[in-house]
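Residue strings, one per chain:
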Amino acid sequence: LTSLTGFDSLKYIGGALEINHNHSITDCSGLASLTDVGTLSIIENDALQSLNGLDHLSEAGGICITGNDALTSLTGLEGITYIPGDLCIGSLSSPGNEKLEKLSGLMNLDSVGGRFDIYNNDTLQDLSGLDNLAVIGGDLRIGSNDKLIDLGGLDKLTTVGADLVFADNFSLSSLNGINQLNHVG
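This section reports on the structure supplied with the text.

How each quantity is defined
Residues numbered from 1 in each chain as written. Predicted model: local features only at pLDDT ≥ 70, side-chain atom pairs only at ≥ 80, totals over all residues. Heavy atoms only, no water. Helix = DSSP H or I, 4+ residues; strand = E, 2+ residues; numbered from the N terminus. Rg over C-alpha atoms; globule rule 2.2 N^0.38 Å. Buried < 20%, exposed > 50% of the residue type's maximum accessible area, 1.4 Å probe, protein only. Pairing = 2+ DSSP bridges. Salt bridge = Lys/Arg side-chain N within 4 Å of Asp/Glu carboxyl O. Disulfide = S-S within 2.5 Å. Core = buried A, V, L, I, M, F, W, Y, C linked by side-chain atoms within 4.5 Å. Contact = heavy atoms within 4.5 Å.

### Considering the overall build of the chain
So, point 1. When you go through the chain residue by residue, the secondary structure sums to zero helices and 13 strands.
So, point 2. The helix and strand sequence of the chain, counted from the amino end, reads β-β-β-β-β-β-β-β-β-β-β-β-β.
So, point 3. What you see for the chain is a C-alpha radius of gyration of 15 Å, in line with the 16 Å of a compact globule of 185 residues.
So, point 4. Principal-axis analysis of the C-alpha atoms gives the chain an extent of 45 × 25 × 25 Å.
So, point 5. Counting only residues that meet the buried cut, the chain has 45% of its 185 residues in that class.

Right, here's the structure in full:
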């Protein structure tokens, strides 16, 4: 698959939209009318550079974006304010997003109902782009992000409903950025 054109009128998917293992797709154009999806998985698309084309997406029950070697940002997800399920940016058990430098695109997200994982994003230096995130209903797990130096971007986070995990972020020298966190578990 080289393009997602052909879905120009598609507005709603009650179940899952999986864009997985397509080695020639460079963006998500062709999904410009999509506003609502049950779950969104964008996994191991080697040439995917951008999520442009998802600009009208405002509802997603869960999102997983991992193994996209050329993806540099999450621009295109600005319409998402709440995710009732899980959000994973990278994965503990598989490659993350090798060139993901920033989480811009999620700047309007204010809560995640389930778990939020940020794993194996080799060039991610901070968490800017999560500037409005206040509540995570499940775990917050941040691990194996080799260049992550601080938690800037989580300044409004007050609540993590389950476990708080930081593991193998070898450049992370402090937890500055989560100063408003007042409830875990």
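Moving on from the model shown.
### Some thoughts on the sheet that holds strand E9 (residues 135-136)
So, point 1. Read from one edge of the open sheet, five strands run E5-E7-E9-E11-E13, paired in parallel fashion. Across the chains shown, the open sheet's two edge strands, defined by having one partner strand only, are strand E5 (82-83) and strand E13 (183-184).
So, point 2. Note that E9 and strand E11 (residues 159-160) share two bridges and pair parallel. Bridging across to E11, Val135 finds its partner in Thr159.

### Things to note about the pattern of salt bridges
So, point 1. Inspection of the entire model under this criterion finds three salt bridges.
So, point 2. Salt-bridge contacts for Asp86 lead to Arg115; the nearest nitrogen and oxygen are separated by 3.7 Å. Separated by 29 residues along the polypeptide, Asp86 in the loop between E5 and strand E6 (87-89) and Arg115 in the loop between strand E7 (111-112) and strand E8 (116-119) bring together distant segments of the chain.
So, point 3. A residue is classified by how much of its surface remains accessible, and Asp86, at 34% relative accessible area, is partly exposed.
So, point 4. We classify Arg115 as partly exposed; its relative accessible area is 30%.
So, point 5. Arg115 is paired through a salt bridge with Asp117; the nearest N and O atoms lie 2.9 Å apart.
So, point 6. Under the relative-accessibility criterion, Asp117 is labelled buried at 5%.
So, point 7. It is possible to trace a salt-bridge network through shared partners that takes in Asp86, Arg115, Asp117 and Arg141.

### Let's talk about the state of the cysteines
So, point 1. Inspection of the entire model under this criterion finds one disulfide.
So, point 2. Note that Cys64 is cross-linked by a disulfide to Cys88, the S-S spacing being 2.2 Å. Separated by 24 residues along the polypeptide, Cys64 in strand E4 (residues 63-66) and Cys88 in strand E6 bring together distant segments of the chain.
So, point 3. No disulfide involves Cys28; its nearest neighbouring cysteine sulfur is the one of Cys64, lying 14 Å away.

### Comments concerning the pairing of E8
So, point 1. Residues Phe116 and Ile118 line one face of E8 and the alternating positions Asp117 and Tyr119 line the opposite face, and both faces are buried.
So, point 2. One ladder, built from four bridges, connects E8 with strand E10 (residues 140-143); its direction is parallel. Residue Tyr119 lies in a different strand from E10, and its bridge partner there is Gly143.

### Considerations on the nonpolar core
So, point 1. Ranked by internal contacts, the top residues of the largest apolar core, which has 46 residues, are Leu51, Leu74, Leu127 and Leu154.
So, point 2. When residues of this core are traced back to their parent elements, those giving at least two are strand E1 (12-20), strand E2 (36-43), E4, E6, E8 and E10.
So, point 3. Excluding anything up to four places from it in sequence, Leu74 contacts Leu51, Ile65, Ile89, Leu100, Lys102, Leu103, Ser104, Gly105 and Leu106.

### Overview of the environment of Pro95
So, point 1. Within the secondary structure, Pro95 is located in the loop between E6 and E7.
So, point 2. A relative accessible area of 48% means that Pro95 is categorised as partly exposed.
So, point 3. With 26 residues separating them in the primary sequence, Pro95 and Asp69 have C-alpha atoms 8.6 Å apart.
So, point 4. For Pro95, the contacting residues outside a window of four places in its chain are Glu44, Thr66, Gly67 and Asn120.

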